[in-house]
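One letter stands for each residue in the lines below.
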Amino acid sequence: QLLSVAGTGLGAVAAVWTVRLLGRHAWYTYRLSCFSKPHATSWLLGHLGQMQSTEEGLLQVDDLVRMYTHSCSWFIGPFYHLVRLFHPDYVKPLLMAPASITVKDELIYGHLRPWLGQSLLLLNGEEWSHRRRLLTPAFHFDILKNYIAKFNSATNTMHVRHRALCMCEQRDVNMLILCCTQPLLSVRVTACGCWICSVFQDKWCDLAAKGTTNIEMFDHVTLMTLDSLLKCAFSYNSNCQRSTSEYVSAIVELSELIIDRRQKILHHWDCIYWRTQQGKRFRKALSIVQRFTRKVVQKRRALISHQKTETDFTKAPQRKKDFVDIILLSKDEEGRGLTDEEIHAEANTFMFAGHDTTGSAICWTLYNLARHEPFQEQCREEARDLMQGRDGHELEWEDLSNLPFTTMCIRESLRLHAPVQAVTRKYTKDMTLPGERTVPKGVISLVSIYGTHHNPAVWTDPHEFQPLRFDPANTEGRASHAFIPFSSGPRNCIGQKFALAQLRVVVALTLLRFRLTPGVNPELGTSSGGVRRLPQLVLRAEGGLWVQLEPLTLHSLEELQEE
Ligand code: HEM
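Once a new chain begins, its residue numbering starts again from 1 and follows that chain's sequence as written. A pLDDT threshold of at least 70 governs which residues receive local features in this predicted model, and a stricter bar of 80 or more applies before side-chain atom pairs are shown or counted, although totals over entire chains, interfaces and linings include all residues.

1. Details of the sheet that holds strand S17 (residues 546–551)
- What the three strands build is an open sheet, ordered S7-S17-S12; its pairing is antiparallel. Either end of the sheet is taken by a strand with one partner, and the two such strands are strand S7 (214–216) and strand S12 (514–518). Looking at each pair of strands side by side, their axes are set apart by 40 degrees on average, direction ignored.
- At least two bridges found by DSSP between two strands are what make those strands a pair. Note on conventions: DSSP H or I runs of at least 4 residues are helices, E runs of at least 2 residues are strands, and numbering of each starts at the N terminus. Examined bridge by bridge, S12 and S17 share five bridges and lie antiparallel to one another. Counted as the bridge partner of phenylalanine 514 is proline 551 from S17.
- Together, S7 and S17 form the strand contacts of helix H9 (residues 217–234), whose direction differs from that of S7 by roughly 55 degrees.
- Sitting on the sheet, helix H15 (residues 340–371) touches S12 and S17, and the angle it makes with S12 is about 80 degrees. Only the stretch in contact is used when a helix axis is fitted, and all axes are lines through C-alpha atoms; the angle between N-to-C directions ranges over 0 to 180 degrees. Contact criterion: two residues are in contact if their C-beta atoms, reconstructed from the backbone, are within 7 Å.

Below is the structure:
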């Protein structure tokens, strides 16, 4: 009897829930009728399963943009209602809306919360404004200048031939590779009998010297961006480009698990996810990352409290301020700083938001230049002119503004292959768009960066790589929100100057040292001209992005002093 009462109770709750869900669905369908709606599978399931994170998914966006020019509505079962926007005039009012009425929706951002916590990327309203004010100084030019040497050094590590010092004579030696138990592990014996056992990863010059000129860029470049972020955030030299780092592997694993979770609808529910294998792996990787961040922050706080004043601290010999130093010292108007918990969240966000995005931008820029030899040559000439008469192989802060053509190529690549394909928002009030259309409060607005960057109503030949679009002489009259790789408005990317600085350093140094041509994916046997784009957390390529390297200055590279 008890069971049947419980059953009736549950049935009643389910019925009320279903009626409410359908009522809500009908209401949003009515409110969104001012937007065009692409063909849906049914009145109930809508466009469920039609949005794909594949090449076909991007081609589908191209079709929507061609057909609807500025926007359309979309719904995923009766659960989620979206407005998809892909025209600057429609994107602008939403991105420029005050952050006080903007909410990051949990559908896209919720899975990041266990890792990033209450950080700038995920906060809303007043808490977000307060945090943004506190963090903005950490991205000031004066701070970014200090990072240029770290960008150079991380790039050098990616490029140069590994040098080993003979233990007894303290000089370079030719090494014999004795055994290779794993692809990366090798015991190396020097001519004089010293041995060095380490986990090595061959770098671009090593590979080229061994005759491997066809390389996949994503793995190399992602490790390089992680290496430099660790140096900038924590002054930590992880050596992760040469040997395995537990922390770096954990970050890579977390990013992969987030993509995996997004794609499995049942894994969206915490009560299911944490019981799965993936959930358990996520927890394990997370604990490694959190332990690392906690340790660095604790150490640094202790160091600061040992210094009598802030001035003493900043005057501490040799070490320039890193991201953690700055956020540990930042105070609001009332003298309030961030708690340890908040600092962990921001440091984790810095690593998450900075590594894949910049890595993707670097790979696609190099790929586009590999496919366009004359543009590549022009960038190389620009970099050579800059370095002429110099002893060093390093770019300096002042050099960055003297690479106008390279910067145009980077911008064009960010347009054609934007690392972040879309951002989403919910608004706490109705938002009016051109043509008397209204996005009702609570509906998800999906700002398609890809769609806006490939909109033929905005860009001529949108699928062509044409850097001169970004020549100042050609940008006049372009809509302010036509180019939005870093989003725009109050919640734009706080790290964009950091990313652009790193991009210029990596691209210029790479072109000074290597000639790039399109590579061949050995598994698919296709040249990278036929690459299939893969929009995940950031834009990648199925089977990787391959280029052919031709070293231009091997001799001088070998002379480079590694840190
Ligand atoms: C090419 C590289 C990058 C691209 C394309 C990029 C793109 C973006 C985009 C589109 C957003 C808006 C996200 C949203 O509204 O949901 C964003 C936000 C953000 N980005 Fe970046 N980003 C890049 C590099 C970086 C770097 C290097 C850092 C830090 C070191 C960073 C830190 C952040 C943070 C903290 C936010 C949140 C800002 C806020 O909500 O106030 N990004 N980024």
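2. Comments concerning the site of the ligand
- With respect to spatial proximity, 22 residues lie near the ligand, and among them Ala353, Gly354, Thr357, Cys493 and Gly495 are the closest.
- At the level of elements, H15 and helix H20 (496–513) are the ones that each hand at least two residues to the shell around the ligand.
- For the shell around the ligand, the element with the highest residue contribution is H15, accounting for seven residues. Nearness between a residue and a molecule or strand is assessed with a C-beta atom placed from the backbone; a distance within 6 Å qualifies.

3. Things to note about the pairing of strand S8 (residues 422–427)
- Pairing geometry for strand S3 (residues 102–103) and S8, over two bridges, is antiparallel. Directly across from threonine 102, in S8, lies its bridge partner tyrosine 427.
- As paired strands, S8 and strand S11 (residues 444–448) are joined by four bridges and run antiparallel to one another. Its bridge partner lying in S11, alanine 422 is registered against serine 448.

4. Examining the packing of helix H17 (residues 404–416) against H20
- Between H17 and H20, the shortest axis-to-axis distance is 10 Å and the interhelical angle comes to 110 degrees. Between H17 and H20, the angle falls in the class roughly perpendicular. Seen along the crossing, H17 lies across H20 with a hand that is right-handed. Residue-level contacts link Thr406, Thr407 and Ile410 of H17 to Leu503, Arg504, Val507 and Ala508 of H20.
- In terms of residue class, the contact of H17 with H20 is built from four nonpolar, two polar and one charged. Should an angle lie under 35 degrees it is considered roughly parallel, over 145 roughly antiparallel, and from 65 to 115 roughly perpendicular; all remaining angles are considered oblique. In this scheme the crossing of two helices becomes right-handed for a clockwise turn of the near helix relative to the far one and left-handed for an anticlockwise turn of less than a right angle. Residues are grouped as follows: Ala, Val, Leu, Ile, Met, Phe, Trp, Tyr, Cys and Pro are nonpolar; Asp, Glu, Lys and Arg are charged; every other residue, Gly included, is polar.

5. Some thoughts on the nonpolar core
- Ala233, Val324, Leu366, Ala508 and Val547 are the most contacted members of the largest nonpolar core, which has 128 residues in total.
- Sorting elements by how many residues they give to this core places H15 first, with 15 residues.
- Filtering out sequence-adjacent residues up to four positions away, valine 324 remains in contact with Ala233, Phe234, Val296, Val297, Arg300, Ile343 and Ala347. By our criterion, buried Ala, Val, Leu, Ile, Met, Phe, Trp, Tyr and Cys residues that link up through C-beta atoms within 7 Å make up a nonpolar core. Backbone-placed C-beta atoms define the burial measure: a residue is buried with 20 or more other C-beta atoms within 10 Å of its own, exposed with 12 or fewer, and partly exposed in between.

6. Regarding the sheet that holds S3
- The five strands lie next to each other as S1-S2-S11-S8-S3, forming an open sheet whose pairing is mixed. The two strands at the open ends of the sheet, each matched to only one other strand, are strand S1 (71–76) and S3.
- Examined bridge by bridge, strand S2 (residues 80–85) and S11 share four bridges and lie parallel to one another. Of the residues in S11, the one forming a bridge with leucine 82 is isoleucine 444.
- Strand contacts of helix H3 (residues 88–95): S1, S2, S8 and S11, with the helix running at about 125 degrees to S11, the strand carrying the most contacts.

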